[in-house]
Amino acid sequence: MKRILMILTAALFSYTSYSQVVMGRDITTTSKKYTAFLATKGYRPYETVSGVKKFKVKFAGFNNVREEVHYDTSNDSITQVKFVFEKRTQSELEDAYFTLLKQYKQKYPKGENGDMKWEGVDMYMWHYNQSKGSKRSIYLSIDNIKHEMQVQYFSNYEEKENKKIEISSDI
């Protein structure tokens, strides 16, 4: 019975993995709707700049993680949701990276490693594309130079090159 339940759960995950769900919400939406969703969880943006809203959130059990919601300013569609683990020791970042990596590898077994190492730089990277040619993807990376780790979820939204740009008032 346990085995059947595990198989059904795995099938459900593989079926639902084609939508890009972050914190329980599909990111194929607008930044206003996603911000309203985060507000129901008690999060408010602490900074908003053209095309990016920043929050401090709890993500995957880790506190004080910066969440950035990137969106197209012409139509408010989300292009990317990024979680940045900053102001942590290298050891804390590596612990967080390998903890999340185990979870992502279990949920998305077709993900690929892209680790890079050269003098003074260790960059661990893992990414998952749902299908060849799809823009929808997840990137998990840690950089010992910046002392931060990022988890990036990309939506399938295609930005237009000739989109209307919001001009800052202080230019």
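Everything below is about the structure shown above.
Residues numbered from 1 in each chain as written. Predicted model: local features only at pLDDT ≥ 70, side-chain atom pairs only at ≥ 80, totals over all residues. Heavy atoms only, no water.

Caption draft 1: Examining the pairing of strand β5 (residues 62-71) more closely. Most of β5 is tucked away, with 7 of its 10 residues classed as buried. Summarising the sheet, strand β4 (residues 52-59) and β5 pair through 7 bridges and their orientation is antiparallel. Bridged to K54 within β5 is E68. Counted along the chain from β4 to the antiparallel partner β5, the turn is 2 residues long, and its residue A60 has a positive phi close to 55°. Strand direction decides the pairing type here: β5 and strand β6 (residues 78-85), joined by 6 bridges, are antiparallel. Bridging from a neighbouring strand, E67 pairs with F83 of β6. Two successive antiparallel strands, β5 and β6, enclose a turn made up of 6 residues, where D76 displays a positive phi of approximately 70°. (Buried < 20%, exposed > 50% of the residue type's maximum accessible area, 1.4 Å probe, protein only. Helix = DSSP H or I, 4+ residues; strand = E, 2+ residues; numbered from the N terminus. Pairing = 2+ DSSP bridges.)

Caption draft 2: The arrangement of the side chain of S141 in detail. If you trace the backbone, S141 turns up in strand β10 (residues 137-143). Among residues more than four places away in sequence, those in contact with S141 are Y97, M123, Y124, M125, E148, M149 and Q150. (Contact = heavy atoms within 4.5 Å.)

No statement about biological role is implied by the geometric values presented.
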